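Analysis of the macromolecular model
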Amino acid sequence: MELGKAILFKIKNMNCEFRTLRETDVSHDYVNGLKDQKIYIENTSIHVSISSQKKYINDILSSKGNTIGGLFINNELVGTAGVQSSTSYSQYIEIPAEYVASIGIFLFNKGYRGMGLGKTLVWSATYLCHNAIQADWFGAGMAIENIPSLQSFLSCGFRQIYEDEENCIVLLNYPELTKPRYIKDETIN
């Protein structure tokens, strides 16, 4: 599903945009990043190519209740956030499952790691989906050893609600969303 809106903001002196990802945004760097991080991305097929990712993005955008957004810094795609309707969290909260969106983030450009952009992806996907499709509850699951991802969600106000030896789950009610302090001048377009 197309969100139809974008968030424009600044981080330090960098112009940032978070918007619906399009097949024309798929690049060799994006595909190579997927291949490098297969350990954390469960839905990545064995063979990842530009054409398979373009099809994947088109399939997501043509579905109801699913979307994928891209984080662009100075017009360069550096990460993505997938959002989908999910029933996985209904055992943890007492609201109808159709009101919960699941978020998965992926910062594939290694040159931008360590700058807090995981938090940026979490915040921007949550913020835009709340404003574009009125989602109020957001959840995410990740491998327990994926500490950077977990910290990105926790720092944006998500709280950990489940953990076992392999995975953990975090959940957020939208009013609890915390914007990273380095994000400035955000507008929804």
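Up top is the structure these notes are about.
Once a new chain begins, its residue numbering starts again from 1 and follows that chain's sequence as written. Where local features are concerned, this predicted model is filtered to residues with pLDDT of at least 70; where side-chain atom pairs are given and counted, the filter is 80 or more; whole-chain, interface and lining totals use all residues. The basis for the side-chain values is all heavy atoms of the structure; hydrogens and waters are excluded.

**Considerations on the overall build of the protein**
What counts is decided by this rule: Helix and strand labels come from DSSP, where a helix needs a run of H or I of at least four residues and a strand needs a run of E of at least two; each type is numbered from the N terminus. Atoms counted for the radius of gyration: C-alpha only. Globule rule: 2.2 Å times residue count to the power 0.38. Using a 1.4 Å probe on the protein chains alone, a residue whose accessible area is under 20% of its type maximum counts as buried, one over 50% counts as exposed, and one in between counts as partly exposed. His residues and chain termini do not enter the charge count, which takes Lys and Arg as positive and Asp and Glu as negative. Note that the charge is assigned to NZ on lysines, CZ on arginines, CG on aspartates and CD on glutamates.
When its secondary structure is counted, the protein shows four helices and nine strands. The order of helices and strands in the protein, counted from the N terminus, is β-β-α-α-β-β-β-α-β-α-β-β-β. At 15 Å, the protein has a C-alpha radius of gyration in line with the 16 Å of a compact globule built from 189 residues. In terms of principal-axis extent, the alpha carbons of the protein reach across some 40 × 40 × 30 Å. Within the protein, buried positions represent 48% of all 189 residues. For the protein, the separation between the mean place of its 17 positive charges and that of its 20 negative charges on side chains is 8 Å.

**Let's talk about the packing of aromatic side chains**
Heads up, the rule is: Two rings from Phe, Tyr or Trp (for Trp, the six-membered ring) form a pair when their centres are within 6.5 Å of each other. A pair whose planes differ by under 30 degrees is stacked, one over 60 is edge-to-face, and the rest are tilted.
Counting across every chain of the model gives five aromatic pairs. Measuring from ring centre to ring centre gives 5.8 Å for Phe106 and Phe108, while their planes differ by 35°; the resulting arrangement is tilted. The residues Phe106 and Phe108 share a single accessibility class, namely buried. With a centroid separation of 4.8 Å and an interplanar angle of 15°, the aromatic rings of Trp123 and Tyr127 are classed as stacked. Residue Trp123 and its partner Tyr127 are both found in helix 3 (residues 117-133); the two are separated by four residues, about one turn of the helix.

**Remarks on the environment of Glu17**
As a reminder, the rule being used: Contacts are residue-level and defined by heavy atoms, with any inter-residue pair within 4.5 Å sufficient.
Looking at the element boundaries, Glu17 is found in strand 2 (residues 14-20). With relative accessibility at 22%, the residue Glu17 sits in the partly exposed group. Taking the C-alpha atoms as reference points, Glu17 and Asn189, 172 residues apart in sequence, are found 9.9 Å from one another. Leaving out residues up to four positions away in the same chain, Glu17 has contacts with Ala6, Ile7, Leu8, Gly70, Leu71 and Phe72.

**Thoughts on the pattern of salt bridges**
Put simply, the rule reads: Salt bridge, as used here, is a side-chain nitrogen of Lys or Arg placed within 4 Å of a carboxyl oxygen of Asp or Glu.
Tallying each qualifying case throughout the model produces four salt bridges. When the shortest N-O distance is used, the salt bridge between Arg19 and Glu17 registers 3.8 Å. Several salt bridges share partner residues, and in doing so they unite Glu17, Arg19 and Asp25 into one network.

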